[in-house]
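Architecture and fold: a report
Residue strings, one per chain:
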Amino acid sequence: MSELTITTPEHVPIRLEPAGAGSRFLAILIDAFIIMAIGTMIFTIVSTFLPRGVAMAILVTVNFFLTWAWHLWFETRKQGRTPGKRALKIRVIDARGLPVSLHQSLVLNITLVLVFIPVFYGVGAIAVMASPSRRRLGDILADTLVVRDAQPLAYRGALAAERRHNSLRNPRVLRLARHRISLEEREFLLTLCLRADRMTAEARYDLMEEVAREYRKKLGIEEEQMSGENLVRDLTAVLFNP
C-alpha cells in the first residue's frame, strides 16, 4: 500500500500508511463485540435483582451509552486508538497529523452508524479502496485519516542508538508525556533528533537548549538534571519506545 505524506503545522513531513477497509471493519467489529459483552454482563447481573423488562431497558440504555462514549473516549483520550484499532495496529488522526478533536470524533461516529448497514458498508468499502488516502465518507466530513500504527524502520534504528539508561523512563514522565505532548510535537522532536548530527555543534546546542526549555516546563524537570540535548533525545526515545 502506498504511503501518504502530510505536513504538520510545524512544517514537519510525516510519512503514513493508510489503513485498508478490511482492518478498519475488523476493528469496528472487535469494539462492537466488547461493547456487547459488557452490556450482556451488566444485563445478567441486573436481571437477577430486577424484573426482566427493567433489566432489558437498562441493557438498551447501557449499550446506547457505551456505543457513543466508547469511541469518543478512546479516540480523543487514547491517541486515536480504540481497543479494536489497537488490536489491528491502526489509529485515527486529524488530516494534519494532529490528535482528533471531540467534534471530529462525533462526526466520525455519527457516520459510523451507516457502517452496520450492509449496503452502505459496501459503498463505503469501495470508496475507501478507491481513495489514495483510504478515506470513507466520515473521514472526509471530519477531515481525518485512519493510518497504520507501525513505526518506520528508520525511526526504530535511530531510537535503538540512544543511551541505554534513560532517566525520563519513569511513570510520572510517561503520564505527563501522554497528556501534554501532541502528535505534531512528537514528530518534531523525532525529526530534530534525526537531523541533529548534520548541524554544527554551536547550532545544535542552541536549538536543543531552546527546545528543552519548553519541555522542562511541561514535564517539571529541573534544568540542572540533564543537558538540553540529552533531555530532547531521552524524551524522544520515551515517546516512541515507552
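Description of the structure in this document. Counting starts from 1 at the beginning of each chain's written sequence and moves along it residue by residue. This being a predicted model, a pLDDT of at least 70 is required before a residue's local features are given, and a value of 80 or more before pairs of side-chain atoms are given or counted; all residues contribute to the totals for chains, interfaces and linings. Hydrogens and waters are ignored; side-chain quantities use all the structure's heavy atoms.

**Digging into the overall build of the protein**
- Starting at the N terminus, helices and strands are each numbered in turn, a helix being any DSSP run of H or I of at least four residues and a strand any DSSP run of E of at least two. Check the secondary structure of the protein and you find eleven helices and four strands.
- When a residue's accessible area, from a 1.4 Å probe over protein chains only, is under 20% of the maximum for its type it is buried; when over 50% it is exposed; and in between it is partly exposed. Each of the 242 residues in the protein was classed as buried or not, and the buried ones make up 44%.
- Counting every atom, the protein has about 13700 Å² of accessible surface; 63% of that belongs to carbon and sulfur. Computed with the Shrake-Rupley method and a 1.4 Å probe, the accessible areas treat only the protein chains shown as cover for residues.

**Considerations on the side chain of Arg204**
- Relative to the helices and strands, Arg204 resides in helix 10 (residues 201-219).
- Residue classification places Arg204 among the buried residues on the basis of a relative accessible area of 19%.
- Pairs of N or O atoms within 3.5 Å make up the polar contacts considered here, provided that, within protein, one atom can donate a hydrogen while the other can accept it, and that residues adjacent in sequence are counted only when both atoms are side-chain atoms. Among the polar contacts listed, one links the side chain of Arg204 to the side chain of Glu229, at a separation of 3.3 Å.
- Contact partners of Arg204, with chain neighbours within four places excluded, come to Ala196, Asp197, Met199 and Glu229. Residue contacts are defined here by distance: any two heavy atoms, one from each residue, within 4.5 Å place the two residues in contact.

**Description of the packing of helix 9 (residues 183-195) against helix 10**
- Where helix 9 contacts helix 10, the two axes come as close as 12 Å, and the packing angle between them is 145 degrees. In this structure, helix 9 crosses over helix 10, and the sense of that crossing is left-handed. The residues of helix 10 that touch helix 9, namely those facing Glu185, Phe188, Leu189 and Leu192, are Leu207, Met208, Val211, Tyr215 and Lys218.
- Of the residues belonging to the contact of helix 9 with helix 10, the class tally is seven nonpolar, no polar and two charged. Each axis is a line fitted through C-alpha atoms, taken for helices only over the stretch in contact, and angles between the N-to-C directions span 0 to 180 degrees. Whether a crossing is left-handed or right-handed is set by the direction in which the near helix is turned from the far one by less than a right angle, anticlockwise for left-handed and clockwise for right-handed. Polar here means any residue outside two lists: the nonpolar Ala, Val, Leu, Ile, Met, Phe, Trp, Tyr, Cys and Pro, and the charged Asp, Glu, Lys and Arg; Gly therefore counts as polar.

**A closer look at the pairing of strand 4 (residues 144-148)**
- Burial analysis of strand 4 places four of its five residues in the buried class, which makes it a mostly covered element.
- Only when DSSP finds a minimum of two bridges between them are two strands counted as paired. Two elements, strand 3 (residues 90-94) and strand 4, share five bridges in a ladder whose sense is antiparallel. What sits directly across from Arg91, in strand 4, is Val147.

**Considering the packing of helix 9 against helix 11 (residues 228-240)**
- The interhelical angle for the contact between helix 9 and helix 11, taken along N-to-C directions, is 125 degrees, at an axis separation of 9 Å. Taken together, the axis directions place helix 9 and helix 11 in an arrangement best described as oblique. Handedness of the crossing formed by helix 9 with helix 11: left-handed. Counting all contacts with helix 9, which are made through Arg186, Glu187, Leu189, Leu190, Leu192 and Cys193, the residues of helix 11 involved are Val232, Arg233, Leu235, Thr236, Leu239 and Phe240.
- Across the contact of helix 9 with helix 11, the residue classes break down as eight nonpolar, one polar and three charged. With respect to orientation, any angle under 35 degrees is reported as roughly parallel, any angle over 145 as roughly antiparallel, any angle of 65 to 115 as roughly perpendicular, and every other angle as oblique.

**Some points on a nonpolar patch on the surface**
- Each patch is built from residues that are more than 30% exposed by relative accessible area and take part in no salt bridge. Like charges join if they lie within 9 Å; nonpolar side chains (Val, Leu, Ile, Met, Phe, Trp, Tyr) join within 5 Å. By salt bridge we mean one thing: a side-chain nitrogen of Lys or Arg within 4 Å of a carboxyl oxygen of Asp or Glu. Taken together, the side chains of Met41, Ile45, Phe49, Leu50 and Val54 define a hydrophobic patch exposed on the protein surface, amounting to about 520 Å² of accessible area.
- Structurally, Ile45 is set in helix 1 (residues 21-46).

**Observations regarding the pattern of salt bridges**
- On inspection of all chains with the given rule, the structure shows six salt bridges.
- Of the charged contacts, one joins Lys85 and Glu75 as a salt bridge, the two residues approaching to 3.4 Å between their closest N and O atoms. Here Lys85, found in helix 3 (residues 83-88), pairs with Glu75, found in helix 2 (residues 52-77); they are ten residues apart in sequence, far enough to count as distant. Comparing Lys85 with Glu75, the two get one shared label, buried.
- Two residues, Lys218 and Glu185, come together in a salt bridge whose shortest N-O distance is 2.5 Å. Taken together, the residues Lys218 in helix 10 and Glu185 in helix 9 connect sequence positions 33 residues apart.
- Taking relative accessible area as the criterion, Lys218 reaches 18% and is therefore assigned buried.
- Glu185 sits in the buried class, given a relative accessible area of 16%.
- Taken together, the salt bridges that share partners define one network made up of Arg204, Glu229 and Arg233.

**Side note on the nonpolar core**
- Residues Leu168, Leu189, Tyr215, Val232, Leu235 and Leu239 are the most contacted members of the largest nonpolar core, which totals 23 residues.
- Among the elements that take part in this core, helix 11 stands out by supplying six residues, more than any other.
- Every residue in contact with Leu239, bar those within four places of it in the chain, is listed here: Ala177, Ile181, Arg186 and Leu189. Definition used in this section: a nonpolar core is a set of buried Ala, Val, Leu, Ile, Met, Phe, Trp, Tyr and Cys residues joined via side-chain atoms within 4.5 Å.

**Brief notes about unusual backbone geometry**
- At Lys89, a residue that is not glycine, the phi angle is positive and equals roughly 60 degrees.
- Following the sequence through the fold, Lys89 ends up in the loop between helix 3 and strand 3.
- A relative accessible area of 57% places Lys89 in the exposed class.

**Section: the environment of Ser105**
- Tracing the chain through its elements places Ser105 in helix 4 (residues 102-112).
- On the accessibility criterion, Ser105 (0% relative accessible area) is buried.
- Measuring from C-alpha to C-alpha, the distance between Ser105 and Asp139 comes to 9.7 Å, with 34 residues separating the pair along the chain.

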